[in-house]
Amino acid sequence: MMRINRDTGRSFDLENFLSMPLVAHLSTVAEDSPRDSPVWFYWQDKKIWIIGTASDTFPDRIRKNSKCAIGIVNFKPHTGLFLHAGFRGTAIVKPFKKIIANQLLSRYMGPEIEKWDPRFKDLDDSNVLICFSPETVVVRDQSYVLPKSEQN
């Protein structure tokens, strides 16, 4: 079961936040140091799904050590919006499923597959899916008020 830690008075709606096409940072463990990979993601059934391609190295790191962290930020410096969700948990590498991949990709490129960048239209079984199961999540609204001179 996922435990959510909310900053009192500085929280936000996690489900709405995770429905936005934001960039996540997947942190994995290598033998001697941590590694960070910016990724697109899909939130479904309290799990984060990520596509791993043949050229990605994070699936191999997850196979060796399933402990991961994921950070997702919605930051708009011109408005002072700064929302952060930080996840800790474990991930497993699963076989590629086109339906999950298409749901993930449509969040970023729209529902019309024929209009997608050609690199993403025909992903196949040479790819994998990462299924991240959060154990804890920290939800924090770190937004700030801009000086009046910078507000429009």
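A short tour of the structure in this document, coming up. The structure presented is a predicted model; accordingly, all values stated were derived computationally and were not measured. (Residues numbered from 1 in each chain as written. Predicted model: local features only at pLDDT ≥ 70, side-chain atom pairs only at ≥ 80, totals over all residues. Heavy atoms only, no water.)

1. Regarding the pattern of salt bridges
Part 1 of the argument: Enumeration according to the criterion identifies six salt bridges in this entry.
Part 2 of the argument: Note that Arg35 and Asp32 form a salt bridge whose closest N and O atoms lie 4.0 Å from each other.
Part 3 of the argument: The partly exposed category is assigned to Arg35, whose relative accessible area is 34%.
Part 4 of the argument: Owing to a relative accessible area of 65%, Asp32 belongs among the exposed residues under this scheme.
Part 5 of the argument: A salt bridge links Arg119 to Asp117; the nearest nitrogen and oxygen atoms lie 2.9 Å apart. (Salt bridge = Lys/Arg side-chain N within 4 Å of Asp/Glu carboxyl O. Buried < 20%, exposed > 50% of the residue type's maximum accessible area, 1.4 Å probe, protein only.)

2. Details of the pairing of strand E8 (residues 128-141)
Part 1 of the argument: Burial analysis of E8 places eleven of its 14 residues in the buried class, which makes it a mostly covered element.
Part 2 of the argument: Relative to E8, strand E5 (residues 47-52) runs antiparallel, the two sharing five bridges. Opposite Trp49, over in E8, you have Cys131 as the bridge partner.
Part 3 of the argument: Note: strand E7 (residues 81-95) against E8, 13 bridges, orientation antiparallel. Paired with Lys94 across the two strands is Leu129, which belongs to E8. (Helix = DSSP H or I, 4+ residues; strand = E, 2+ residues; numbered from the N terminus. Pairing = 2+ DSSP bridges.)

3. Some thoughts on the packing of aromatic side chains
Part 1 of the argument: For the coordinates displayed, the defined rule picks out six aromatic pairs.
Part 2 of the argument: Ring centres of Phe75 and Phe82 lie 5.1 Å apart, and the angle between their planes is 50°; on these two criteria the pair is classed as tilted.
Part 3 of the argument: Three or more aromatic residues joined by ring pairs form one cluster here, namely Trp40, Tyr108 and Phe120. (Phe/Tyr/Trp six-rings, centres within 6.5 Å; stacked < 30°, edge-to-face > 60°.)

4. Digging into the state of the cysteines
Part 1 of the argument: Here the structure, examined in full by the defined rule, presents zero disulfides.
Part 2 of the argument: The thiol of Cys68 is not disulfide-bonded; the next cysteine sulfur, from Cys131, is found 11 Å away.
Part 3 of the argument: On the basis of relative accessibility, which here comes to 7%, the residue Cys68 falls in the buried class. (Disulfide = S-S within 2.5 Å.)

5. So, the environment of Asp122
Part 1 of the argument: Locating Asp122 in the fold gives a position in the loop between helix H4 (118-121) and E8.
Part 2 of the argument: Sequence spacing of Asp122 and Lys98 is 24 residues, and the spatial spacing of their C-alpha atoms is 9.1 Å.

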